[in-house]
Amino acid sequence: MNPATCAICGQPLDDAAEGAYGDWVAFADHDNHALPEPGSRAPGLAYFCAEHLALARERAAWRCHDAVQALRLHAGAQAASAAQVHSAPAPLAGTAEADIAPQSPWWQRWWG
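Procedures and definitions
- Residues numbered from 1 in each chain as written.
- Predicted model: local features only at pLDDT ≥ 70, side-chain atom pairs only at ≥ 80, totals over all residues.
- Heavy atoms only, no water.
- Helix = DSSP H or I, 4+ residues; strand = E, 2+ residues; numbered from the N terminus.
- Buried < 20%, exposed > 50% of the residue type's maximum accessible area, 1.4 Å probe, protein only.
- Contact = heavy atoms within 4.5 Å.
- Phe/Tyr/Trp six-rings, centres within 6.5 Å; stacked < 30°, edge-to-face > 60°.
- Lys NZ or Arg CZ within 6 Å of the ring centre and 35° of its normal.
- Arc of directions from axis to C-beta.
- Salt bridge = Lys/Arg side-chain N within 4 Å of Asp/Glu carboxyl O.
- Core = buried A, V, L, I, M, F, W, Y, C linked by side-chain atoms within 4.5 Å.

*Asks:* Whenever I open this one, the overall build of the protein confuses me. Can you help?
*Replies:* On a plain count of helices and strands, the protein comes out with 3 helices and 2 strands. Along the protein, helices and strands appear, N-terminal first, in the series β-β-α-α-α. With 112 residues in all, the protein has 21% of them scored as buried. The long-range fraction of contacts in the protein, counting pairs at least 24 apart against all pairs at least 6 apart in sequence, stands at 56%.

*Asks:* So what exactly am I meant to see when it comes to the packing of aromatic side chains here?
*Replies:* Note on aromatic pairs: each is described by the distance of the centres and the angle between the planes. In this structure the tally under the stated criterion is 2 aromatic pairs. On the numbers, 5.6 Å between centres and 65° between planes, the contact of W24 with Y47 is edge-to-face. Linking W24 in strand β1 (residues 23-26) with Y47 in strand β2 (residues 45-48), this pair joins segments that are 23 residues apart in sequence. Residue class for W24 comes out partly exposed when judged on its relative accessible area of 34%. Relative to F48, the ring of F27 has its centre 6.0 Å away and its plane inclined at 75°; by these criteria the two rings are edge-to-face. Note that F27 is positioned in the loop between β1 and β2 and F48 in strand β2, a separation of 21 residues in sequence. A relative accessible area of 4% means that F27 is categorised as buried. Accessibility expressed as a relative area gives 0% for F48, which makes it buried. It is R59 that lies over the ring of W62; its NZ or CZ is 5.5 Å from the centre.

*Asks:* Sorry, what's going on with helix α1 (residues 50-58) here?
*Replies:* Since the α-helix packs 3.6 residues into each turn, any two residues three or four apart lie on the same face. Listing the buried residues of α1 in full gives H52, L53 and A56. With its buried residues spanning 120° around the axis, α1 presents them on a single face. When the buried face of α1 is taken as reference, the exposed residues oriented beyond 90 degrees from it are E51, A54 and E58.

*Asks:* Explain the pattern of salt bridges here, please?
*Replies:* Side chains that differ in sign of charge can pair as their charged atoms come close. Scanning the entire structure with this criterion turns up 3 salt bridges. One salt bridge connects E58 with R59, and the closest N-O pair in it is separated by 3.8 Å. Classification of E58 by relative accessible area gives exposed; the value is 60%. Taking the relative accessible area as the measure of exposure, R59 reaches 18% and is therefore buried. A salt bridge links D66 to R63, with the shortest nitrogen-to-oxygen separation between them at 3.2 Å. For D66, a relative accessible area of 33% translates into the label partly exposed.

*Asks:* What exactly am I supposed to notice about the nonpolar core here?
*Replies:* Nonpolar side chains in soluble globular proteins generally cluster together in the buried interior. Within the largest apolar cluster, 14 residues are counted, with the highest numbers of intra-cluster contacts made by I8, V25, F27, A46, F48, A56 and V68. Here the element with the most residues in this core is helix α2 (residues 64-87); it accounts for 4 residues. Apart from the residues within four sequence positions on either side, V25 is in contact with G44, L45, A46, F48, L53, A56, R57 and A60.

Here it is in structure tokens:
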């Protein structure tokens, strides 16, 4: 069996920082008595890294597939908003939009 990886971000259990351990979460559709297929994990059971563990435990009453999909959408939305915040440069203090307007290409400035 492969090492456990976070169902949201794919971080392997082996890569966890010291003291930042994840855990397995048993969802509503998990059956403790069902034996998994050889080479697969038990249905309704998923591993989460320390970053996603609390959110996963909040959704333990859901079906595993539904909870993982919702958490992936949540993580994707957070990543998109973080990328949007970091991609847009902040205007300099005391400058107007006209002051920041793009200049013409160098060759047009050179040859006029």
